[in-house]
Amino acid sequence: MLEVKNIYKSFGNTEVLKGINFTLNKGEVLAIIGSSGSGKTTLLRCLNFLELPDKGEIIHNGEKLFDAQNNKKITDEQIRQKRLHFGLVFQNFNLFPQYNVFDNICLAPKMLAKQSPDYNRDKVLINEKIEKKANELLARVGLTEKKNAYSCELSGGQQQRVAIARALAQNPDILCFDEPTSALDPELTGEVLRVIKGLKSFNSTMIVVTHEMDFAKSVADKIIFMADGIIEVEGTPTEVFGCTNNEKIKAFLSNQLIDI
Amino acid sequence: MTFWQVTLQLLEGFKVTILLFIMTLVSALPLGLIFAFGSRAKFKPLSYLTRGFVYVVRGTPLLLQLMIVIYLPGIAFSAPITKWAVFGGNVSYALFFGALFAFVINYACYFSEIYRGGIDSISRGQYEACAVLGMTKKQTFFKVILLQVIKRILAPVGNETITLVKDTALVRVVAVAEILFFANEILSLKMMIWPLFYTGVFYLIFNSILTWLFNKFEKKLNYFWS
């Protein structure tokens with residue numbers, strides 16, 4: 001379903017991604033682990049076209065979404081269309097503070113619907129559909145009773161759950177999470193991780209950048225361990241966590257266990 | 001002249017003051033946004049041009065700009081503003097609109113810098129959140145960014161607005177008959193000095209109303225944090 005080929009990305013003289021290749025099938029969950037600065041977030045941002053790779057291709061369902069060789073010709077509008085295949089949940093939520101929970105979820109789908117040719121004819125119907133879906137998503141993330149709350153009235157975990165619902169409202173084919181629990185207090189990470197885990201039963205295709213090793217182990221079908229802009233180890237959770245012939249992952253995993 | 005007569009006379013002038021204030025505000029607020037977009041433009045020549053213009057306007061006195069607008073057409077091009085066909089020979093119209101032009105440009109420049117600061121202060125995450133949700137740049141700005149900017153710039157805009165009320169007194173030097181102009185007339189014709197000080201009450205009352213309005217608006221936007 002998704003094929004990432006030979007992605008390179010530099011910021012100035014710093015080469016952050018040095019040839020990333022992977023594939024992902026529909027309904028699979030991919031976890032990307034690795035130390036800070038290894039390029040995990042940049043990779044995710046490239047997939048969402050928040051950064052454009054310097055080299056490489058992104059192929060989705062056989063369609064070449066991105067090819068660095070044709071990069072120059074790409075317009076903002078084309079990028080916008082391509083982005084709709086992907087959703088992204090940010091580390092620091094980025095909810096829209098002036099809208100309540102419900103409108104946060106509905107805003108983008110309603111904007112998008114306005115561009116459809118039969119919007120003027122079926123306006124009411126379309127908006128009803130969007131709102132119905134928003135209510136379903138709210139129920140799915142367990143925040144129905146917070147429907148009218150503003151982000152300043154929510155805990156971090158609740159905000160992140162809203163952000164997940166908001167991302168799902170656009171029906172992305174692949175939902176990406178950029179360290180979704182890193183900005184949360186430890187006691188709030190559980191509720192967010194449970195929601196993400198719950199999405200698996202809806203057969204969502206997901207890519208999760210995470211520092212939660214237990215979570216990665218339990219939710220992922222596939223794990224990528226990145227270090228210094230390349231994929232060091234790749235495989236099933238058992239393979240990756242059991243990997244003994246790579247020094248970098250051994251060092252990384254043993255660092256995760258340090259108690260202070 | 002009785003107190004009542006003086007009051008009526010000054011009110012006559014204050015009408016012009018308020019008219020100049022309102023017309024400046026409603027023109028300079030949106031024009032400032034255009035200037036702000038101009039100075040933030042990716043197209044460098046436009047950005048430099050706007051920034052240079054704002055730099056000059058902010059760096060010179062409004063009084064001087066007022067004189068330039070009113071007197072320069074006459075001196076440099078032998079086309080005095082009072083003779084322009086659009087004003088139909090009405091001198092006070094010509095002077096008023098000339099002054100208004102100078103005020104609008106000057107305040108738009110100040111507002112543009114306030115907007116620019118406000119727009120730049122919105123976190124990149126808000127733009128990125130809109131982008132990944134597939135919103136266009138226009139939707140992003142008008143549906144998500146703008147209200148947050150307004151909330152942040154309300155205090156400095158309020159400040160400028162109150163300064164504007166007082167700055168309108170400057171137009172007296174180019175013979176636009178606003179409140180101080182009338183007070184001065186009374187002083188020279190009737191030898192009465194107190195009406196001059198009395199004008200302060202008009203400004204004070206008007207600014208109190210504006211302060212109250214801005215506070216109300218600020219409270220209204222208190223429902224969210226940004």
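Novice: How do you make sense of the overall build of chain B when you look at a structure like this?
Specialist: Within chain B, the secondary structure is distributed over eight helices and zero strands. The linear arrangement of helices and strands in chain B, starting from the amino end, is α-α-α-α-α-α-α-α. With the C-alpha coordinates of chain B rotated into their principal frame, the extents come out at 70 × 45 × 30 Å. Taken across its 226 residues, chain B has 31% of its residues classed as buried. In chain B, the share of contacts with a sequence separation of at least 24, taken over all contacts with a separation of at least 6, comes to 74%.

Novice: Whenever I open this one, the overall build of chain A confuses me. Can you help?
Specialist: Each helix and strand in chain A was counted, giving nine helices and 10 strands. For 260 residues, the compact-globule estimate of 2.2 N^0.38 gives 18 Å, and the C-alpha radius of gyration of chain A, at 19 Å, lies within 12% of that figure. The buried share of chain A, reckoned over its 260 residues, is 43%. Counting only contacts in chain A whose residues sit at least 6 apart along the sequence, the fraction spanning at least 24 positions is 66%.

Novice: For this particular structure, what's the right way to read the sheet that holds strand β3 (residues 29–33) of chain A?
Specialist: The pairing of strands in a sheet comes from backbone hydrogen bonds and takes either a parallel or an antiparallel form. All names here are of chain A. Strands sit in the order β6-β7-β8-β3-β9-β10 across an open sheet of six strands; the sheet is mixed. The sheet is open, and its two edges are formed by β6 (86–89) and β10 (230–235), each paired on a single side. Ignoring strand direction, the axes of neighbouring strands in this sheet form an average angle of 20°. Where strand β7 (residues 174–178) and strand β8 (residues 205–209) come together, five bridges link them in parallel fashion.

Novice: Is there a simple way to think about the sheet that holds strand β2 (residues 14–24) of chain A in this case?
Specialist: All names here are of chain A. Read across the open sheet, the four strands follow the order β2-β1-β4-β5; overall the sheet is antiparallel. Looking at strand neighbours, the two that pair on one side only are β2 and β5 (63–67), the edges of this open sheet. Put simply, the sheet's adjacent strands are angled 20° from each other on average, direction ignored. Where strand β1 (residues 2–11) meets β2, eight bridges bridge the pair, whose relative direction is antiparallel. Paired with Ile 7 across the strands is Ile 20, a residue of β2.

Novice: Explain the confidence of the model for chain B to me, please; I cannot follow it from the model alone.
Specialist: Caution applies to low-pLDDT regions: their predicted coordinates should not be interpreted in detail. Overall, the predicted model of chain B reaches an average pLDDT of 93, with 100% of residues at or above 70. Note on the complex model: pTM 0.88, ipTM 0.92.

Novice: Help me understand the packing of helix α1 (residues 3–39) of chain B against helix α4 (residues 91–121) of chain B in this model?
Specialist: Axis angle and axis distance: for two packed helices, these are the angle between their axes and the distance between the axes, and together they describe the pair. All names here are of chain B. At their nearest, the axes of α1 and α4 sit 6 Å apart, and the two run at 45° to each other. Taken together, the axis directions place α1 and α4 in an arrangement best described as oblique. In this structure, the crossing between α1 and α4 has a hand that is right-handed. Two secondary-structure elements touch here, α1 through Leu 20, Met 23, Thr 24, Ser 27, Ala 28, Leu 29, Leu 31, Gly 32, Leu 33, Phe 35, Ala 36 and Ser 39 and α4 through Ala 99, Leu 100, Phe 103, Val 104, Tyr 107, Ala 108, Cys 109, Phe 111, Ser 112, Tyr 115, Arg 116 and Ile 119. Partitioning the contact of α1 with α4 into residue classes produces 18 nonpolar, five polar and one charged.

Definitions and cut-offs
- Residues numbered from 1 in each chain as written.
- Chains lettered and ligands numbered in written order.
- Predicted model: local features only at pLDDT ≥ 70, side-chain atom pairs only at ≥ 80, totals over all residues.
- Helix = DSSP H or I, 4+ residues; strand = E, 2+ residues; numbered from the N terminus.
- Buried ≥ 20, exposed ≤ 12 C-beta atoms within 10 Å, placed from the backbone.
- Contact = placed C-beta atoms within 7 Å.
- Rg over C-alpha atoms; globule rule 2.2 N^0.38 Å.
- Pairing = 2+ DSSP bridges.
- Axes fitted to C-alpha atoms, helices over the stretch in contact; angles between N-to-C directions.
- pLDDT = per-residue confidence, 0-100.
- Parallel < 35°, antiparallel > 145°, perpendicular 65-115°, else oblique.
- Left-handed = near helix turned anticlockwise from the far one by under 90°.
- Nonpolar A, V, L, I, M, F, W, Y, C, P; charged D, E, K, R; others polar.

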